[in-house]
Amino acid sequence: AQKITQTQPGMFVQEKEAVTLDCTYDTSDPSYGLFWYKQPSSGEMIFLIYQGSYDQQNATEGRYSLNFQKARKSANLVISASQLGDSAMYFCAMRGLNTGGFKTIFGAGTRLFVKA
Amino acid sequence: GAVVSQHPSRVICKSGTSVKIECRSLDFQATTMFWYRQFPKQSLMLMATSNEGSKATYEQGVEKDKFLINHASLTLSTLTVTSAHPEDSSFYICSARDPVAKNIQYFGAGTRLSVL
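Throughout this document, residue positions are counted from 1 along each chain, in the order its sequence is written. Following the order in which they are written, the chains are lettered starting with A and the ligands numbered starting with 1. Only residues with pLDDT of at least 70 are given local features in this predicted model, and only at 80 or more are side-chain atom pairs given and counted; all residues enter the totals for whole chains, interfaces and linings. Side-chain measures here rest on the full set of heavy atoms in the structure, leaving out hydrogens and waters.

> So what's going on with the pattern of salt bridges? Residues and values would help.
Residue and element names in this part refer to chain B. Think of a salt bridge as a Lys or Arg side-chain nitrogen and an Asp or Glu carboxyl oxygen that are within 4 Å of each other. Tallied over the entire structure, the rule returns five salt bridges over all chains. The salt bridge partner of Glu22 is Arg24, with a shortest N-O separation of 3.5 Å. Its relative accessible area of 36% is what places Arg24 among the partly exposed residues. Across the salt bridge formed by Asp88 and Lys66, the nearest N and O atoms sit 2.6 Å from each other. On the criterion of sequence distance, the pair formed by Asp88 in the loop between β8 (76-81) and β9 (90-98) and Lys66 in the loop between β6 (57-58) and β7 (67-73) is long-range, its members being 22 residues apart. Owing to a relative accessible area of 5%, Asp88 belongs among the buried residues under this scheme. Overall, the relative accessible area of 11% leaves Lys66 in the buried class. To sort residues, take the accessible area from a 1.4 Å probe on protein chains only and compare it with the maximum for the residue type: under 20% means buried, over 50% means exposed, and anything in between is partly exposed. Secondary structure is summarised from DSSP: a helix means a run of H or I of at least four residues, a strand means a run of E of at least two, and numbering begins at the N terminus for each.

In C-alpha cells:
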C-alpha cells in the first residue's frame, strides 16, 4: 500500500528566510510522481512542483525546490525567501505513473505561517 | 491562470434539494476527472473518478446514487449532490490531469456547500 507522511502539522518561518516542509512516502511501485500543492484560505489547490521517480535532478520552480532523496523515500519542499503570501496549507502527494498505477494520495498537510 | 474551472464557488441550499457542481478543463481535454471532498482541517478524500463517456468509478463508502457524476464531454464533468442533507455540507473540489503537461493534476477552486 502507498502512504504519504507529513509530520509537521504547523511551521513558522520569518519573512525572507528559507523553510523546509517534510514529506516521506512509501510505495513498492518503481514508477511514481511526487507533487506539492499549496492551499490558501480560499481553498484552491495550487500546483507548485513535480518530481518523477526516475528524474535525475531535483525539481525547481522559482522559489520552490524539491529535495528528492529516493533512498530515504523523502521529497521535502524547500521554499526560499519566504513571503507573507506563502502562509497557507501545503500538501505533499504521490501517484503511480504507469498505466493502471495507483491514484493520487495526499499527506495530512502542513500549515505554514510566515511572520513579518 | 486557472486551467480547471469549477462553479459555483459557494452554494447554500435547503435540505432535500439537489445541487449541481460543474468542473471544466480550460486548456486541455481530460478523459478523466476526479472529485474530492475535504472536511475542515483535513486532507482531500477522493470520492470518485469521472470517466468521459462511461460510468464513474466511486471509492468505497461513497454513495453513487447520492453523488451523481456525469462526464458528458472531454472538458466537462458535473457532480450532483441529490437530496442534500446538512451532513453533506463540505468543501468539494474537482481535478483533472493535463495529458500534455506530465499528467500533472490541476484543481478547480472548489465549491463550499452549506445545506440548511
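> Talk me through the interface of chain B and chain A; I want residue IDs and the actual numbers.
Here a residue-residue contact requires only that any non-hydrogen atoms of the pair lie within 4.5 Å. Taken together, the contact pairs 20 residues of chain B with 16 residues of chain A. The term buried area means the drop in 1.4 Å probe accessible area that two parts suffer when joined, counted for both and summed. When chain B packs against chain A, close to 1500 Å² is buried across both sides, 56% of that on carbon and sulfur atoms. Considering only the surface of chain B that becomes buried against chain A, Ser43(B), Ile104(B) and Phe107(B) emerge as the three largest contributors, covering 28% of it. Taking the shortest distance from any N to any O, the salt bridge between Glu59(B) and Lys103(A) comes out at 2.8 Å. The term polar contact refers here to a pair of N or O atoms within 3.5 Å; inside protein, the definition further demands a hydrogen-donor-capable atom paired with an acceptor-capable atom, and it admits residues adjacent in sequence only when both atoms are side-chain atoms. If you look at where chain B meets chain A, you find five residue pairs in polar contact (both at pLDDT 80 or more). Of all elements in the fold, only β4 (32-38), β5 (44-51), β9 and β10 (104-107) of chain B reach the threshold of two or more residues within the side of chain B that touches chain A. Of all the elements, β10(B) adds the most residues to the side of chain B that touches chain A, at four residues.

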